[in-house]
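This is what each chain is made of:
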Amino acid sequence: MENIADTIETLYIKAEKYSKTSLELLKLSAIDKTTDVISSLALLICLSMVVAIFTLFINIGIGLLLGKLLDNYALGFFIISGFYVILGIVLYRFRHKLIKDPISSLVIKKLLRDKPTTNSSSNN
């Protein structure tokens, strides 16, 4: 009878250790996936800022060039602004296909990806 009690107690201890280890693994997995998503989005934001600054200076240059060619600097900048109004309308019209869906897919892919696991010696 004492042998059965010892076996049940050992089983209980192992089950408790297993549940704690599983919970810790779940926490670490959630942290890993969250940091992966956040770092990917941070990289995307940084690259977007660089492209935005580049685009700003290119647009200033094109506006000045068009203004010089048309002998009216304001007209050059109005042409560039008109281009961006049209671009904004197109982006708004296709916002789900061009922006929302790709970003949602990226986040879902990052959250659902499985890291390759290595089978090391397991502790019993």
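Only a predicted model underlies this, so the values are computations on that prediction, with no experimental measurement involved. (Residues numbered from 1 in each chain as written. Predicted model: local features only at pLDDT ≥ 70, side-chain atom pairs only at ≥ 80, totals over all residues. Heavy atoms only, no water.)

### Some thoughts on the overall build of the chain
Here is step 1: A tally of regular secondary structure across the chain gives three helices and zero strands.
Here is step 2: The order of helices and strands in the chain, counted from the N terminus, is α-α-α.
Here is step 3: C-alpha atoms of the chain, sized along the principal axes, occupy 105 × 25 × 20 Å.
Here is step 4: Residues counted as buried form 7% of the 124 residues belonging to the chain. (Helix = DSSP H or I, 4+ residues; strand = E, 2+ residues; numbered from the N terminus. Buried < 20%, exposed > 50% of the residue type's maximum accessible area, 1.4 Å probe, protein only.)

### Details of helix H3 (residues 95-112)
Here is step 1: Given a rise of 1.5 Å per residue, 18 residues ought to cover 26 Å, and the 24 Å separating the end C-alpha atoms of H3 matches this to within 8%.
Here is step 2: Considering bend angle alone, the principal kink of H3 is centred on Asp101 and spans about 30 degrees; proline Pro102 follows within four residues of it. (Expected span 1.5 Å × (residues − 1). Bend = angle between axes of the 7 residues up to and from the residue.)

### Some points on the packing of helix H1 (residues 2-70) against helix H2 (residues 73-93)
Here is step 1: For the pair H1 and H2, the least separation of the axes is 6 Å and the interaxial angle reads 135 degrees. Classified by the interaxial angle, the pair formed by H1 and H2 is oblique. At the point where H1 passes H2, the crossing takes the right-handed sense. Counted together, Thr55, Asn59, Ile60, Ile62, Gly63, Leu64, Leu66, Gly67, Lys68 and Leu70 of H1 and Tyr73, Leu75, Gly76, Phe77, Ile79, Ile80 and Tyr84 of H2 form the full contact between these two elements.
Here is step 2: Partitioned by chemical class, the residues of the contact of H1 with H2 number eleven nonpolar, five polar and one charged. (Axes fitted to C-alpha atoms, helices over the stretch in contact; angles between N-to-C directions. Parallel < 35°, antiparallel > 145°, perpendicular 65-115°, else oblique. Left-handed = near helix turned anticlockwise from the far one by under 90°. Contact = heavy atoms within 4.5 Å. Nonpolar A, V, L, I, M, F, W, Y, C, P; charged D, E, K, R; others polar.)

### Focus on the packing of aromatic side chains
Here is step 1: If you walk through the whole model with that rule in mind, you get one aromatic pair.
Here is step 2: Measuring from centroid to centroid gives 5.1 Å for Phe83 and Tyr84, while their planes differ by 75 degrees, and the two rings are edge-to-face.
Here is step 3: The class for Tyr84 is partly exposed, based on a relative accessible area of 31%.
Here is step 4: Seen from the ring of Phe94, Arg93 lies directly overhead, with NZ or CZ sitting 5.7 Å from the centre.
Here is step 5: Across the ring face of Tyr92, the terminal group of Arg95 is positioned such that the distance to the ring centre comes to 4.1 Å. (Phe/Tyr/Trp six-rings, centres within 6.5 Å; stacked < 30°, edge-to-face > 60°. Lys NZ or Arg CZ within 6 Å of the ring centre and 35° of its normal.)

### Focus: H1
Here is step 1: Between its first and last C-alpha, H1 extends 100 Å over 69 residues, near the 102 Å set by a 1.5 Å rise per residue.
Here is step 2: Turning to H1, its buried residues number three or more, namely Lys33, Asp36, Val37, Ser40, Asn59, Gly63 and Gly67.
Here is step 3: Those residues of H1 that are buried are in contact with H2 and H3.
Here is step 4: One or two residues past the end of H1 sits Asp71, with phi positive at roughly 60 degrees.

### Some words on a nonpolar patch on the surface
Here is step 1: Judged by side-chain polarity, Leu44, Phe83, Tyr84, Ile86, Leu87, Val90, Leu91, Phe94, Leu98, Ile99 and Ile103 come together as a nonpolar surface patch covering roughly 920 Å² of accessible area.
Here is step 2: The set of elements that each furnish at least two residues to the nonpolar patch consists of H2 and H3.
Here is step 3: It is H2 that contributes the most residues to the nonpolar patch, six residues altogether.
Here is step 4: Along the chain, the position of Phe83 falls in helix H2. (Patch = residues over 30% accessible without salt bridge, like charges linked within 9 Å, V, L, I, M, F, W, Y side chains within 5 Å. Areas by Shrake-Rupley, 256 points an atom, 1.4 Å probe, with all protein chains shown as cover. Salt bridge = Lys/Arg side-chain N within 4 Å of Asp/Glu carboxyl O.)

### Some points on the environment of Asp71
Here is step 1: Tracing the backbone through its elements, the reader meets Asp71 in the loop between H1 and H2.
Here is step 2: Take Asp71: its relative accessible area is 73%, and that puts it in the exposed class.
Here is step 3: Residues Asp71 and Thr7, spaced 64 residues apart in sequence, show a C-alpha to C-alpha distance of 94 Å.

Coordinates in, geometry out; function isn't part of it.
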